[in-house]
Amino acid sequence: MLPTLRSTMGELEHVRREMDRLWERFTRDFVPSTFEHDWIPSLDLSDTGESLVAEVEVPGMDPKDIDISVTGDVLTISGEKKREREEKEQAYHLVERSYGKFSRSIRLPATVDPDRVEASY
């Protein structure tokens with residue numbers, strides 16, 4: 001049986017999504033913080049049948065420090081998680097939290113109408 005154009009395009013789309021996933025994982029797990037981004041927040045993207053829903057983990061951030069844009073089929077979320085400073089001197093024994101600027105762009109599975117994009121915190 002010869003593959004149909006639809007099945008071939010479906011396979012190509014699957015490969016593209018897998019490559020996007022691998023690239024996101026690579027940039028999240030292996031890009032040193034000395035590069036442009038100090039941290040990359042985790043993101044989940046789901047499809048409700050009527051809309052796409054992106055949930056991003058940005059604990060401790062002020063919503064005014066987060067920018068969201070959609071251009072064609074690319075969602076970009078960027079911002080800066082600022083370190084809270086206290087006046088007193090502290091000697092840290094362990095520091096695991098990440099701070100700094102981030103920018104995250106993902107290709108959406110469909111083009112969306114930017115006028116219908118909504119965000120909540």
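Further up the page is the structure itself.
Novice: Just checking my understanding: could you explain the environment of Asp62 for this structure?
Specialist: Relative to the elements of secondary structure, Asp62 occurs in the loop between strand 2 (52-56) and strand 3 (66-71). On a C-alpha basis, the gap between Asp62 and Lys82 in space is 8.9 Å, while along the polypeptide they are 20 residues apart.

Novice: Before we go on, may I ask you to explain a nonpolar patch on the surface in this structure?
Specialist: On the surface, Val15, Met19 and Leu22 cluster together into a nonpolar patch covering about 270 Å² of accessible area. In this structure Met19 comes out as exposed when scored by relative accessible area, which is 52%.

Novice: Explanation requested: the pattern of salt bridges in the structure shown.
Specialist: Once the charged atoms of two side chains with opposite charge are near each other, the side chains can pair. Following the criterion strictly, the structure yields six salt bridges and no others. For Glu18, the salt bridge is made with Arg21, and the minimal N-O distance between the two is 2.5 Å. Taken together, the positions of Glu18 and Arg21, both in helix 1 (residues 5-30) and three residues apart, correspond to about one turn of that helix. According to the relative accessible area criterion, Glu18 is partly exposed, its value standing at 30%. The partly exposed category is assigned to Arg21, whose relative accessible area is 41%. The partner of Lys82 in a salt bridge is Asp65, and the shortest N-O contact between them spans 3.7 Å. On the criterion of sequence distance, the pair formed by Lys82 in the loop between strand 4 (74-81) and strand 5 (100-107) and Asp65 in the loop between strand 2 and strand 3 is long-range, its members being 17 residues apart. Relative accessible area serves as the criterion here: at 18%, Asp65 is assigned to the buried category. Salt bridges sharing partners connect three or more residues here, namely Glu13, Arg16 and Asp20.

Novice: Would you mind showing me how to read the nonpolar core here?
Specialist: Nonpolar side chains in soluble globular proteins tend to be buried together. Counting 11 residues, the largest nonpolar core is built from Trp39, Leu43, Val58, Met61, Ile66, Val70, Leu75, Ile77, Phe102, Ile106 and Leu108. At the level of secondary structure, the elements contributing two or more residues to this core comprise strand 3, strand 4 and strand 5. Sequence-distant contacts of Trp39, that is, excluding residues within four places in its chain, are made with Glu57, Val58, Met61, Lys81, Ser98, Tyr99, Gly100, Lys101 and Phe102.

Novice: Please clarify how the pairing of strand 2 should be interpreted in this entry.
Specialist: Across a regular strand the side chains alternate sides, sitting on one face of the sheet and then on the other. In terms of strand pairing, strand 1 (residues 43-47) meets strand 2 through five bridges, oriented antiparallel. Across the sheet, the residue bridging to Asp44 is Glu55, located in strand 2. What sits between the antiparallel neighbours strand 1 and strand 2 is a turn of four residues, in which Gly49 has the positive phi angle 95 degrees.

Procedures and definitions
Residues numbered from 1 in each chain as written. Predicted model: local features only at pLDDT ≥ 70, side-chain atom pairs only at ≥ 80, totals over all residues. Heavy atoms only, no water. Helix = DSSP H or I, 4+ residues; strand = E, 2+ residues; numbered from the N terminus. Patch = residues over 30% accessible without salt bridge, like charges linked within 9 Å, V, L, I, M, F, W, Y side chains within 5 Å. Areas by Shrake-Rupley, 256 points an atom, 1.4 Å probe, with all protein chains shown as cover. Salt bridge = Lys/Arg side-chain N within 4 Å of Asp/Glu carboxyl O. Buried < 20%, exposed > 50% of the residue type's maximum accessible area, 1.4 Å probe, protein only. Core = buried A, V, L, I, M, F, W, Y, C linked by side-chain atoms within 4.5 Å. Contact = heavy atoms within 4.5 Å. Pairing = 2+ DSSP bridges.

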